[in-house]
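Here are the chains, one letter per residue:
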Amino acid sequence: MDAVKIGLCGLGTVAGGTLRVLSRNFENISARAGCDIQIVRIGARRDNPDCDTGDIPISRDLMEVATDPEVEILVELIGGTDYAAELVLAGIANGKHIVTANKALIAERGNEIFAAAEAAGVTVAYEAAVAGGIPIIKAVREGLAANSVNWLAGIINGTGNFILTEMKEKGRSFADVLAEAQALGYAEADPTFDVEGIDAAHKLVILASIAFGMPLSFDEVYTEGIGAIETQDVDYAEELGYRIKHLGIARKSPGGIELRVHPTLIPQERLLANVNGVKNAVVVDCDAVGQTLYYGAGAGSEPTASAVLADVIDIARNVRGDQSRRVPYLSYHSHAIADQVILPIEAIQSSYYLRVSVLDRPGVLSAVASILSDAGISIEAIIQKAPRPDEDVVPVIILTNSALEQSLADAVFRLQSLDSVVGAITRIRVENLDD
Ligand code: HSE
C-alpha cells in the first residue's frame, strides 16, 4: 500500500510533538493506518531547533504546501484564524484533507470551512482542537452516536484549571500562577484567551456542534473568565463543601441550547471537582448511556500530537480503504507487536499492602521486618494496632515499596510459616496510577 503523504504547516510545540511521536511509533501507526504516513513537505516561516525535520523539504511560503500536488492531508498547526483559514481553504480547494488543532479556527470559521470541504468531498478533522489528547470528539461523534445528549460540562482550559488548583492548594496568587503556566507552555500566545474564557468558549462551541448537530455559533456563547476569583472565594467555597471550577456547559433546555463558560461551584465529591492542574475532563450526560466522563491531558506537545496523529490515521485508513485494517487486532497481528510476551504475575513489580495477624509477643515485629528485608523488600509504612480486650492477636499493617511479585510471594510464604502469625495474611497490590 502506498504511503499517505502529509504536508505539515507550522513548526511549533505541537508540530514538534507530532514529528517525534510519528517517528517513535512509526511501526504501530503504519499498522493501524494500513499504510505508512510520510511527511513530504513542511511549511514554516522559521525553523525550530526542537523540531527534527530531517531531510523533509521546508517551504517558507505555506501556500506551497496547500498547492503541492503530492500532499494528500494538510496538517495545520500554525494557530490564529485569518491566515490559517486562508491556508486551509486553499488546501481544500486543492483537494487536500485537513487535520487541525486550531480551536479558534474551527469555532470562528468552521461553518465556512466545513461547507467548502463538503463541496470538495474532503474531510476536516479537529480532534486536537478540544481537550488536547482526550479523544472527546470521537467519543461524542462515534462512541455516543446512538444517544441523545442532554448536556455536557467540562474543564476544557488547562491553564485556567492550573491557576485555580494552585490557588486552592498552595494559596498562590493569580498572577504568579499564570506566569508559571506561560513558562510551561500551557497558555495561549495571548493568555487572556485562557483567563477570560475565550479558549474554553472556542472548545465548547465545537463540542456543542457535534453533540447537538448545530452550526458553530461562537458569538453566542456566554463567556466569563476566572479573573475575578480570589483565594478567599476558593477557601469559602471549600468551607461550604464546594470547589470552584471553570466550566464550559452546553445543555439542551426546553427553550433552546445553553452555551456558557464561567467559574462554577461544584460539590467537592463530584469527579469533576477533583480534576486538578492542567488536566481537562468532560462529562457527557446522555439519554441511553447516562453520564460518561473523559479525562486527561488537555494541553502539551505530545498529548496534542496524539490527537493530531489519530486524525491522520483515520483519514489515511479511509483514503486507502483497506477494510481488514479496521479490525485493530488484525492490524497488530500482521506486525511483530503480536509476538509480545505476556508477563506472568510473578514477574510484575508492585507495592503491597499486607495485613498480618500476629501474637502480641516481643520480637514478632522484628521477625516480620527481617523476613521482608531478607527478600529485598523495603517497608514504606507500618501500623500496629493495639489488641482488642481479651485478645492476644494484633493486626500489623505494612505498606511496602515497589517489589518483585515473586519476592513478595516468597516473603509471604515465610511469614505465613512463623509460629507467631495467626491465620492467612491479606495481601493487596497498590497502584499509584501516576505514570
Ligand atoms: N491554552 C490551552 C489550555 C491549550 O490551557 O487548555 C490547549 O488548548
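For clarity, every value in this text was computed on a predicted model and none was experimentally measured. All residue numbers here refer to positions counted from 1 along the written sequence of the relevant chain. Note on the predicted model: pLDDT of at least 70 is required for a residue's local features to be given, and 80 or more for side-chain atom pairs to be given and counted; whole-chain, interface and lining totals, by contrast, use all residues. Processing note: side-chain calculations cover all non-hydrogen atoms of the structure and skip hydrogens and water entirely.

Let us look at the environment of A117. Residue position: A117 is located in helix α5 (residues 103–120). Remark: exposure states derive from per-residue accessible area (1.4 Å probe, protein chains only) relative to the maximum for the residue type, with buried under 20%, exposed over 50%, and partly exposed in between. According to the relative accessible area criterion, A117 is buried, its value standing at 3%. Sequence separation between A117 and V88 is 29 residues, and the spatial gap between their C-alpha atoms is 9.6 Å. The contact rule is simple, with two residues in contact once any of their heavy atoms fall within 4.5 Å. Apart from the residues lying within four places of it in its own chain, the contact partners of A117 are I92, V122 and V124. Here a helix means four or more residues in a row that DSSP labels H or I, a strand means two or more in a row labelled E, and each is numbered from the N terminus.

Attention now moves to the domain arrangement of the protein. When the domains of the protein are assigned, the result is domain 1 (4–133 + 301–337), domain 2 (136–297) and domain 3 (348–430). Listed by partner, the interface residues are 19 residues for domain 1 and 17 residues for domain 2. Simply put, the buried area is the total loss of 1.4 Å probe accessible area from both parts when two parts are fitted together. Approximately 1,500 Å² of surface area, both sides summed, lies buried where domain 1 meets domain 2, with 62% of it carried by carbon and sulfur atoms. Sorting the residues of domain 1 by area buried against domain 2 places K103, E127 and V130 first, and these three jointly supply 36% of that buried surface. When a carboxyl oxygen of Asp or Glu lies within 4 Å of a side-chain nitrogen of Lys or Arg, that pair is called a salt bridge. Taken together, the connections running from domain 1 to domain 2 amount to 5 salt bridges. Note that K103 is salt-bridged to D199, the shortest N-O span being 3.2 Å. Note that domain bounds follow an automatic or database assignment of domains.

A few words on the site of the ligand. Nearness is judged by heavy atoms alone; a residue qualifies as near a molecule or strand once a single heavy atom is within 4 Å of it. By nearness alone, every residue bordering the ligand is listed as K103, N157, G158, T159, Y186, A187, E188, D194, D199, K203, G298 and A299. Any pair of nitrogen or oxygen atoms within 3.5 Å is treated as a polar contact; in protein, a donor-acceptor pairing is required on top of that, and neighbouring residues in sequence qualify only through side-chain atoms on both sides. The side chain of K103 places a nitrogen or oxygen atom 2.5 Å from an oxygen atom of the ligand. Here an oxygen atom of the ligand and a side-chain polar atom of K203 are 2.8 Å apart. For every accessible area listed, the method is Shrake-Rupley and the probe measures 1.4 Å; residues are considered covered only by the protein chains on display. Compared with its free state, where it exposes 250 Å², the ligand has 92% of that area covered by protein.

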